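Summary of the model geometry
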Amino acid sequence: SVRYALEPKLDGLSLEVVYRDGVFVRASTRGDGERGEGVTENVRTIRSVPLRLRGTSHVVPRVLSVRGEAVMRVEDFLALNARLTRRGQPPFANPRNAAAGSIRQLDSRVTAERRLQIFFYDILHIEGGPPLMDDERVLEALAGWGLVACPHARTGETVDTVFAYHRDMHRRREKLGYEIDGVVVKLNDLAGRTRLRATGRHPR
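Residues numbered from 1 in each chain as written. Predicted model: local features only at pLDDT ≥ 70, side-chain atom pairs only at ≥ 80, totals over all residues. Heavy atoms only, no water.

Some words on the side chain of Glu7
Using the following cut-off: Think of it this way: any DSSP run of H or I at least four residues long counts as a helix, any run of E at least two long counts as a strand, and we number them from the N terminus. Burial classes follow relative accessibility: with a 1.4 Å probe on protein chains only, a residue under 20% of its type's maximum area counts as buried, one over 50% as exposed, and anything between as partly exposed. We call two residues in contact when some of their heavy atoms are within 4.5 Å.
Along the chain, Glu7 falls in strand E1 (residues 4–10). We classify Glu7 as buried; its relative accessible area is 4%. Excluding anything up to four places from it in sequence, Glu7 contacts Tyr121, Asp135, Cys150, His152, Ala153, Tyr165, Val183, Val184 and Lys186.

Things to note about the sheet that holds E1
Across a sheet, strands are paired by hydrogen bonds formed along the backbone, either parallel or antiparallel in direction. To keep things clear, this is the line we draw: A pair of strands is labelled paired if DSSP reports no fewer than 2 bridges between them. Axis angles are defined between N-to-C directions and span 0 to 180 degrees, where every axis is a line fitted to C-alpha atoms and, for a helix, only to the segment in contact.
Here 3 strands make up an open sheet; going across it, the order is E6-E1-E7 and the pairing antiparallel. Of all strands in the sheet, those bounded by a partner on one side alone are strand E6 (154–156) and strand E7 (180–187). Within this sheet the neighbouring strands show an average axis-to-axis angle of 30°, counted without direction. In this structure, E1 lies alongside E7, joined through 6 bridges in antiparallel fashion. The residue bridging Leu6 from the neighbouring strand is Val185, located in E7. Here helix H6 (residues 159–172) sits on the sheet in contact with E1, E6 and E7, set at roughly 25° to E1.

A look at the packing of aromatic side chains
Applicable threshold: Stacked, tilted and edge-to-face pairs are distinguished by plane angle, under 30 degrees for stacked and over 60 for edge-to-face with tilted covering the rest, among Phe, Tyr and Trp rings (Trp via its six-membered ring) whose centres lie within 6.5 Å.
As enumerated under the stated definition, the model contains 2 aromatic pairs in all. Centroid distance Tyr19 to Phe24: 6.0 Å. Interplanar angle 75°. Geometry classified as edge-to-face. Side by side, Tyr19 and Phe24 carry an identical accessibility label, which is buried. Between Phe119 and Tyr178, the aromatic rings sit 5.5 Å apart at their centres with planes inclined by 50°, giving tilted as the arrangement. Note that Phe119 is positioned in strand E5 (residues 117–127) and Tyr178 in the loop between H6 and E7, a separation of 59 residues in sequence. We classify Tyr178 as buried; its relative accessible area is 5%.

Some details on H6
Residues separated by three or four positions in an α-helix point in the same direction, a consequence of the helix having 3.6 residues per turn. The condition is simple: Expected span, for any helix, means 1.5 Å times one less than how many residues it has. By arc we mean the arc of the directions from the helix axis to the C-beta atoms, nothing more.
Relative to the 20 Å expected for 14 residues at 1.5 Å per residue, H6 spans 20 Å between its end C-alpha atoms, a close match to the ideal helical length. Among the residues making up H6, those that are buried are Val162, Tyr165 and Met169. The buried residues of H6 all sit within an arc of 60° when viewed along its axis, so they share a single face. Facing away from the buried surface of H6 by more than 90 degrees, the exposed residues are Asp160, His170 and Arg171. Where the residues of H6 are buried, they touch E1, E6 and E7.

Comments concerning the pattern of salt bridges
Threshold: The term salt bridge refers to a side-chain nitrogen of Lys or Arg lying within 4 Å of a carboxyl oxygen of Asp or Glu.
Tallied over the full model, the rule gives 13 salt bridges. Lys186 is the partner of Glu7 in a salt bridge, and the nearest nitrogen-oxygen pair spans 3.4 Å. Of this pair, Glu7 sits in strand E1 while Lys186 sits in strand E7, and the two are 179 residues apart along the sequence. Exposure remark for Lys186: the relative accessible area of 10% places this residue in the buried category. The closest approach of N and O atoms between Asp11 and Arg96, which form a salt bridge, is 3.8 Å. Of this pair, Asp11 sits in the loop between E1 and strand E2 (13–20) while Arg96 is found in helix H3 (residues 95–103), placing the two residues 85 residues apart along the sequence.

Everything listed here is a matter of geometry and, on its own, says nothing about what the molecule does.
Pasting the structure below:
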């Protein structure tokens, strides 16, 4: 039977973060799908991005490239806009723009003072790590290395489960604390995903 991986579609800025021998080395935005902006020094200041991976429950890979979404919680967005307004600076239109603007700052100290969170949800490339056959194992490995995994991720085996998950996330949307713009439904089996391939930006 087909098993689906289900997660909220976080409304933030997509990032790639790379580790070598467990040490953070660089970060970049998705950009146009082919080439992104280097934002290493700014991402280095975000507390949810470990500078060194843990190796307690999973072997730390020689090379690990992971995908994550940088978001700003709604309460932090409102507090930031209040500070900007007091200073006579233009406020951000929404939390996504605030997160993207904070990541792209020229001064990493400004990024550091803005409360950003990165949730990790995918492995783009891995060398020398444990065998990972499905999305559940990916999320477990990410958490084991100290990378905050995508919240509220679930799996389901029927289309009814998918619709029930969508309804549940819609009901909880206002209380999540961060913005989402839908849900993501993927094959849980990674080999199946590979066979389906992907578009320029998303899995099929």
